[in-house]
Amino acid sequence: MHICTVCQREQAVYYHRFSGDYLCAKCLKKRLVKYIKKAFKKYGLAGPRVGEIVLLIPQHHAQIAPALIELVDAAERGHATTLHLLIPQNTPNNILKDLKLSLNIGVVKHYTIEQSYYFDVQVRILRHVAVKESTANTIIMPIMLEEGLLCLLSALARAKPAYIDCLKPKIEVADKVFLNPFLDVSLEDVYAYARAKKRLLRIERHAYFLEDLLLAIFEDRGPELRYSYRRVAFQLLDALKARLENLVSKCHRCGGLEIGYVEGGICRVCQRLKVDSNAKIF
Ligand SMILES: [Zn+2]
Ligand SMILES: [Zn+2]
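The following paragraphs examine the structure supplied in this document.

## Focus: the overall build of the chain
Broken down by element type, the chain carries 9 helices and 10 strands. The C-alpha atoms of the chain give 19 Å as radius of gyration, which agrees with the globular expectation for 282 residues (19 Å, within 12%). Taken along the three principal axes of its C-alpha coordinates, the chain extends 60 × 40 × 35 Å. Out of the 282 residues in the chain, the part that is buried amounts to 39%. Considering only intrachain contacts with a sequence separation of at least 6, the fraction spanning at least 24 residues in the chain is 67%.

The following block contains the structure:
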C-alpha cells in the first residue's frame, strides 16, 4: 500500500508511470485536468471558450464517458461556459442523471453511428455527425495520446496518409471548430481514474483494426515513445501538405483532408455517408 506522493495524505490508487508518482484519485484527477488545461495553451486552443461548448464522446469511449465529462467540466471551471453533451446512445441514463446532479451540464443529445473498423474513418464520421447535430459551434472531441498512433497506423495501412489529420488538435469546418485538449492525456490514466471512481461502465465496444498492437508497442516502455511517434506523425502531415499542396483539399462536411480530386469538395467517407441510405446516423 502506498500513500499519495503528492498530497502525502490519501491512499494511492494508481502508479503514474509518466512521473513515477503514486497518486490518490483526487490528485490523479488534478493531474489530468492540468494536462487538459495545458493543452489549451500549448496548441493554441484557447479561442472562443465562452458561451456554449459541446463535448462529443466518441462511441469507443462510452465506457469512460463519465470520467471524460467530469474532467472537461473541471477544466472548464472558471470559464463562462455551458457544457452540452453529444454522447453515444448506449450511455446509461441513470449515470447521466447522477452527473447532472453534481455538474453543470446543459443539453444532452444522443447519437448512434455507423461503426468503422478503421479509427481514422470513424473519427471522420464522428465529426460529420457532430457538425450536423451539435448545439454549439465549439466542439471538444477527446482523442488521446495512444490513439494518435492508432490513427497513424490505420491511415497508413489504408494508404490514406491525409487521414492522419484526425490527430490534429484543432480542426475547423463550416462554422464549427473541433478542439482536442486530450492530445497529451494518456488513455491509460483516464481508465485508471474511471476505475478509481468506480465509474468505468460496462459497455461493449468493438476493436479497431491494428488496435491490439498498441498494447504490445507501449507496454513496459517509457512515456517518451508516446510523444515521439507523434512528432513523426505531425512532420508527415506537414510534409504531405508541402509536397502535395495543390492536390490536398479539405472536406466541407468533416474538415478532413483528402488527396486528389474530390467530388463537390466532400471527402470519400462523407460521400459514402450521404449516398448510402443504410448509413442511418441518428
Ligand atoms: Zn493525493
Ligand atoms: Zn468528410
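## Things to note about the nonpolar core
With 77 residues, the main nonpolar core has Leu 55, Leu 56, Leu 68, Cys 151 and Val 190 as its most contacted residues. Looking at this core element by element, the count peaks at 8 residues for helix α4 (residues 119–133). In this structure Leu 55 touches Ile 69, Val 72, Leu 83, Leu 85 and Ile 140, once residues within four positions along its chain are discounted.

## Points about the sheet that holds strand β3 (residues 51–56)
The strand order β5-β4-β3-β6-β8-β7 describes an open sheet built from 6 strands, whose pairing is mixed. Single-partner strands in this sheet number two, and they are β5 (105–111) and β7 (170–173). Put simply, the sheet's adjacent strands are angled 25° from each other on average, direction ignored. Looking at chain direction, strand β6 (residues 138–140) and strand β8 (residues 176–179) are connected through 3 bridges and run parallel.

## Some thoughts on the packing of helix α1 (residues 25–42) against helix α6 (residues 187–196)
Two numbers describe how α1 lies on α6: the axes approach to 10 Å, and their chain directions differ by 145°. In this structure, α1 crosses over α6, and the sense of that crossing is left-handed. Counting all contacts with α1, which are made through Ala 25, Leu 28, Lys 29 and Leu 32, the residues of α6 involved are Asp 189, Val 190, Ala 192, Tyr 193 and Ala 196. A per-class count over the contact of α1 with α6 returns 7 nonpolar, no polar and 2 charged.

## Regarding the packing of α1 against helix α2 (residues 65–76)
Between α1 and α2, the least distance of the axes is 9 Å, while the angle of their chain directions is 65°. You can see that α1 and α2 cross each other, and the crossing is right-handed. Contacts between α1 and α2 involve Lys 29, Leu 32, Val 33, Ile 36 and Lys 37 on the former and, on the latter, Leu 71, Ala 74 and Ala 75. Residues belonging to the contact of α1 with α2 are distributed by class as follows: 6 nonpolar, no polar and 2 charged.

## Quick word on α4
The first and last C-alpha atoms of α4 sit 21 Å apart over 15 residues, in line with the 21 Å expected at 1.5 Å per residue. Buried residues dominate α4, accounting for 13 of its 15 residues.

## Section: the environment of Arg 158
Relative to the elements of secondary structure, Arg 158 occurs in the loop between α5 (145–157) and β7. We classify Arg 158 as partly exposed; it has 13 C-beta atoms within 10 Å. For the pair Arg 158 and Asp 120, spaced 38 residues apart in the sequence, the C-alpha separation amounts to 9.9 Å.

## A word on the environment of Phe 182
Structurally, the position occupied by Phe 182 is in the loop between β8 and α6. Between the C-alpha atom of Phe 182 and that of Lys 26, which follows or precedes it by 156 residues, the distance is 19 Å.

## Quick word on unusual backbone geometry
Positive phi, close to 55°, is recorded for Ala 159, a residue that is not glycine. Examined against the element boundaries, Ala 159 turns out to sit in the loop between α5 and β7. Here Lys 198, not a glycine, exhibits a phi torsion of approximately 55°, which is positive. Mapped onto the elements, Lys 198 comes out in the loop between α6 and α7 (211–218). Residue Lys 198 is classed as exposed on the basis of its 8 C-beta neighbours within 10 Å.

## Some details on the pairing of β5
Sheet analysis places strand β4 (residues 81–88) next to β5, joined by 5 bridges and oriented parallel. Residue pairing across strands places Leu 83 opposite Ile 105, the latter belonging to β5. Following the backbone out of β4, through helix α3 (residues 93–102) and into the adjacent parallel β5, one traces a crossover that is right-handed.

## Some points on the pairing of β4
The pairing of β3 with β4 spans 6 bridges and is classified as parallel. Along β4, the bridge assignment pairs Glu 52 with Thr 82. Following the backbone out of β3, through α2 and into the adjacent parallel β4, one traces a crossover that is right-handed.

Analysis parameters
Residues numbered from 1 in each chain as written. Chains lettered and ligands numbered in written order. Predicted model: local features only at pLDDT ≥ 70, side-chain atom pairs only at ≥ 80, totals over all residues. Helix = DSSP H or I, 4+ residues; strand = E, 2+ residues; numbered from the N terminus. Rg over C-alpha atoms; globule rule 2.2 N^0.38 Å. Buried ≥ 20, exposed ≤ 12 C-beta atoms within 10 Å, placed from the backbone. Contact = placed C-beta atoms within 7 Å. Core = buried A, V, L, I, M, F, W, Y, C linked by C-beta atoms within 7 Å. Pairing = 2+ DSSP bridges. Axes fitted to C-alpha atoms, helices over the stretch in contact; angles between N-to-C directions. Left-handed = near helix turned anticlockwise from the far one by under 90°. Nonpolar A, V, L, I, M, F, W, Y, C, P; charged D, E, K, R; others polar. Expected span 1.5 Å × (residues − 1). Right-handed = clockwise from strand over helix to strand, strands pointing away.

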